[in-house]
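Read off the chains here:
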Amino acid sequence: MRRREITSSLFWMFIGLILTIWSLTYPLGSLAQPGSGFLPLGLGILLLIFSAVLLMRALRQTAPTEEKVRMLPARWVNLALTVIVLVVAVFLFEKVGYLLIFFAIALVLPLLAGQITFRRSLIFAVLSAVGVYVIFVWLLKQPLPTGFLER
Amino acid sequence: MDFFSNLALGFGIALTIKNLSFCFLGVLIGTLIGVLPGIGPVATISLLLPTTFGMEPVTSIIMLCGVYYGAMYGGSTTSILVNIPGEAASVVTCLDGYQMARKGRAGPALGISAFGSFIGGTLSIIGLMLLSPLLARMALKFGPPEFFALMLLGLAMVTYLCRGPVLKGLVMALAGLAISCVGQDQISGTTRFTLDSITLMDGMGIVPVAMGLFGIAEVLTNLEQIVKQDILAERVTGIFPTLKDWSDSMWPIIRGSFIGFFVSILPGAGTVIPTFMAYTVEKRISKHPEKFGTGAIEGVAAPETANNAAAAGSMVTLLSLGLPSSVGMAILLGAFIIHGIQPGPLLIAKHPDLFWGTIASMYVGNVMLLVLNLPLIGLWIKILKIPYNLLFPLIVLFCFLGAYSLNNNIYDVLVMIIFGVFGYLMRKYEYEGAPFLLALVLGPMLENAFRQSLIYGDPFIFFNRPITAVLICVSLFLLISPLFKTFSQKRKTIEKVLEEGE
């Protein structure tokens, strides 16, 4: 608990610091005529102050408080892989096309979640890709990139 | 006379075949996502938004509003049958609804929540119809300082009401405001914090961020533990409540309607707080408070009525002042803006068709929901049986498509994923997403109002005007109140109730 509080407050302090420094590169104006850096600077300073208070509070905690601490996920590898699959899909989306990308997402994600056979996942992926085509491309006429499948 | 002619205009618009169909579609999708845990109205409205680009604004708003109040109806089904809230405003329904289902009274529980929702929703729309024009007329006298103070109060309320220390909520609100500064400064035209990215020139899109925080983050959180849902009742019978059920629920429904409507008007209250208030009030004034939590029908009727009343009530400030009182309303505000309409005091005068058409459609939508929900309960039970490992890829696909279709820009999808991971981590570290998103939506308006107020030349302008001074003092009081013992204890009580509910 204590460690997580320290980590999160340090993260916000870092963000506050970046925001404060970055805001100084924009015109600050005056109190009667605030410039574009005025509000972000104020936000950055407040973020620094509040995260410092959070940090101090965390440091003052001696023993771990309530034991309802949710530990880091045991399934974090699967979670990380899910995010990686999505990021890769983003970068390949326009080159490969929506049909193959959605097929791949619908095939891989259930397998990552577990408790499903490859065959069921494959059927699900085919149905999802066809469903997206019928609903979004055929019915709603959404312009989606077809990638190298384009004739 | 003017009032009735306006209402007639509204029904003339709402009852066209096209608007009726989209209203039906909206409430149907709303109920569906209300039933399904893991996707709420915020993410759904966000991902449906791109599909409404080709529609007339009024049709689009009718459909999206239908999704919002439809979700309030659907949420109760999951709470009662599975003991998992379909969406946040149905958390408290689990307490007595699930116990009723365990005693074999799932039917009356579902029935009373449908009837209560209908009554609460309808009474609340009457309130919305009467109060919004009055408030809009009053708001015409407001200047930038008043709007700034109102927005500040909304943010302070959301921060105060979020779980965990107020400081964490405050940090999230500040971060949201900081992210809202990305893009072009509306007053001077300076480009800020864009890292030379063309995508960021227009600012951080509300929709991809909302989909990330409330769609992808939810999926990632649920992926950690896929809970097998045990549905208590395979077949629900006896949906119509008995005479005794009605007599027990009549006053909770009436009180729930009033609490839901009036509490939701307060900036930041949203739809969740009124449900807890309605439940607590019923428990407190009941002759048998010990029955609450063991399957008391009043414990289902009051919160379910309150959440539907709150859905319409929270639209009051959006339609009359242009200020969203909750995250759901913030997304709806985004929908208005995307369609080139600025909600606010002039909305009723400039777009009477949209205002009255939407209100009339809500009456129609409520009737549709009542007719639709009771016979379709069997279908919702079947949908609840879909395993989550097949449901979540679909949610991800829809979010992907929704984010991409906004501008046909793949970087919007990337923004969504980044905020999905951010939202997931924030949940792990017990920071709430609501103050962040509301701050992101209000940010540009807040900054404009703040800077325009200061241009008057008096830095104390916020304390020289009575309305502004009161609102700012209330906001500051809310934010510093946890420092005082009595208020901090009260807040902890609210938090405890919220946690018990979960």
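Residues numbered from 1 in each chain as written. Chains lettered and ligands numbered in written order. Predicted model: local features only at pLDDT ≥ 70, side-chain atom pairs only at ≥ 80, totals over all residues. Heavy atoms only, no water.

Draft legend 1. Quick peek at the pattern of salt bridges. All names here are of chain B. If you walk through the whole model with that rule in mind, you get 11 salt bridges over all chains. When the shortest N-O distance is used, the salt bridge between Arg105 and Asp245 registers 2.8 Å. Within this pair, whereas Arg105 is found in the loop between helix H5 (93-102) and helix H6 (106-139), its partner Asp245 is found in helix H11 (residues 243-265), the two being separated by 140 residues in sequence. A relative accessible area of 28% places Arg105 in the partly exposed class. (Salt bridge = Lys/Arg side-chain N within 4 Å of Asp/Glu carboxyl O. Helix = DSSP H or I, 4+ residues; strand = E, 2+ residues; numbered from the N terminus. Buried < 20%, exposed > 50% of the residue type's maximum accessible area, 1.4 Å probe, protein only.)

Draft legend 2. Here's a closer look at the packing of aromatic side chains. All chains considered together, the criterion is met by 26 aromatic pairs over all chains. Geometrically, the ring pair formed by Phe93(A) and Phe102(A) is tilted, given 5.6 Å between the ring centres and 40 degrees between the ring planes. Like Phe93(A), the residue Phe102(A) is buried in the burial classification. When the ring of Phe142(B) is compared with that of Phe147(B), the centres are 5.9 Å apart and the planes differ by 75 degrees; the resulting orientation is edge-to-face. Exposure class is identical for Phe142(B) and Phe147(B). Each is buried. Counting every residue linked through ring pairs, the aromatic cluster contains Phe11(A), Trp12(A), Phe419(B), Phe422(B), Tyr431(B) and Phe436(B). Between Lys168(B) and the ring centre of Tyr431(B), over which it is positioned, the NZ or CZ distance is 4.8 Å. Arg465(B) extends its terminal NZ or CZ atom over the ring of Tyr456(B), reaching a point 5.8 Å from the ring centre. (Phe/Tyr/Trp six-rings, centres within 6.5 Å; stacked < 30°, edge-to-face > 60°. Lys NZ or Arg CZ within 6 Å of the ring centre and 35° of its normal.)

Draft legend 3. Representation of the confidence of the model for chain B within the structure. For chain B, per-residue confidence averages 85 on the pLDDT scale, and residues scoring 70 or more make up 93% of the total. The spread of mean pLDDT over the elements of chain B runs between helix H23 (residues 485-501) of chain B, the lowest at 59, and helix H8 (residues 166-180) of chain B, the highest at 93. (pLDDT = per-residue confidence, 0-100.)

Draft legend 4. View of the side chain of Thr59(B). Within the secondary structure, Thr59(B) sits in helix H4 (residues 57-82). Here Thr59(B) is in contact with Lys18(B), Asn19(B) and Phe22(B), once residues within four sequence places are set aside. (Contact = heavy atoms within 4.5 Å.)

Draft legend 5. Region of the structure containing the interface of chain A and chain B. Contact with chain A, which involves 61 residues of that partner, is made by 58 residues of chain B. Across the chain A/chain B interface, buried area totals approximately 5600 Å², and carbon plus sulfur atoms make up 76% of it. Its largest share of buried area at the contact with chain B, chain A owes to Trp12(A), Leu39(A) and Val90(A), together 11% of the area lost on that side. Our enumeration of links across chain A and chain B arrives at two salt bridges. Of the charged contacts, one joins Glu430(B) and Arg4(A) as a salt bridge, the two residues approaching to 3.9 Å between their closest N and O atoms. Within the residue set of the side of chain A that touches chain B, elements represented by two or more residues are helix H1 (2-23), helix H2 (38-60), helix H3 (76-96), helix H4 (98-113) and helix H5 (118-139) of chain A. Classifying every residue of the side of chain A that touches chain B gives 42 nonpolar, 11 polar and eight charged. (Buried area = accessible area lost by both parts, 1.4 Å probe. Nonpolar A, V, L, I, M, F, W, Y, C, P; charged D, E, K, R; others polar.)

Draft legend 6. Structural detail: a nonpolar patch on the surface. Residue and element names in this part refer to chain A. Where nonpolar side chains cluster on the molecular surface, the patch consists of Leu99, Leu111, Phe118, Leu122, Val126, Val130, Tyr133, Val134, Ile135, Trp138, Leu139 and Leu140 and spans about 1000 Å² of accessible area. Of all the secondary structure elements, the ones that give two or more residues to the nonpolar patch are H4 and H5. A total of nine residues in the nonpolar patch trace back to one element, the largest contributor, which is H5. Examined against the element boundaries, Val134 turns out to sit in helix H5. (Patch = residues over 30% accessible without salt bridge, like charges linked within 9 Å, V, L, I, M, F, W, Y side chains within 5 Å. Areas by Shrake-Rupley, 256 points an atom, 1.4 Å probe, with all protein chains shown as cover.)

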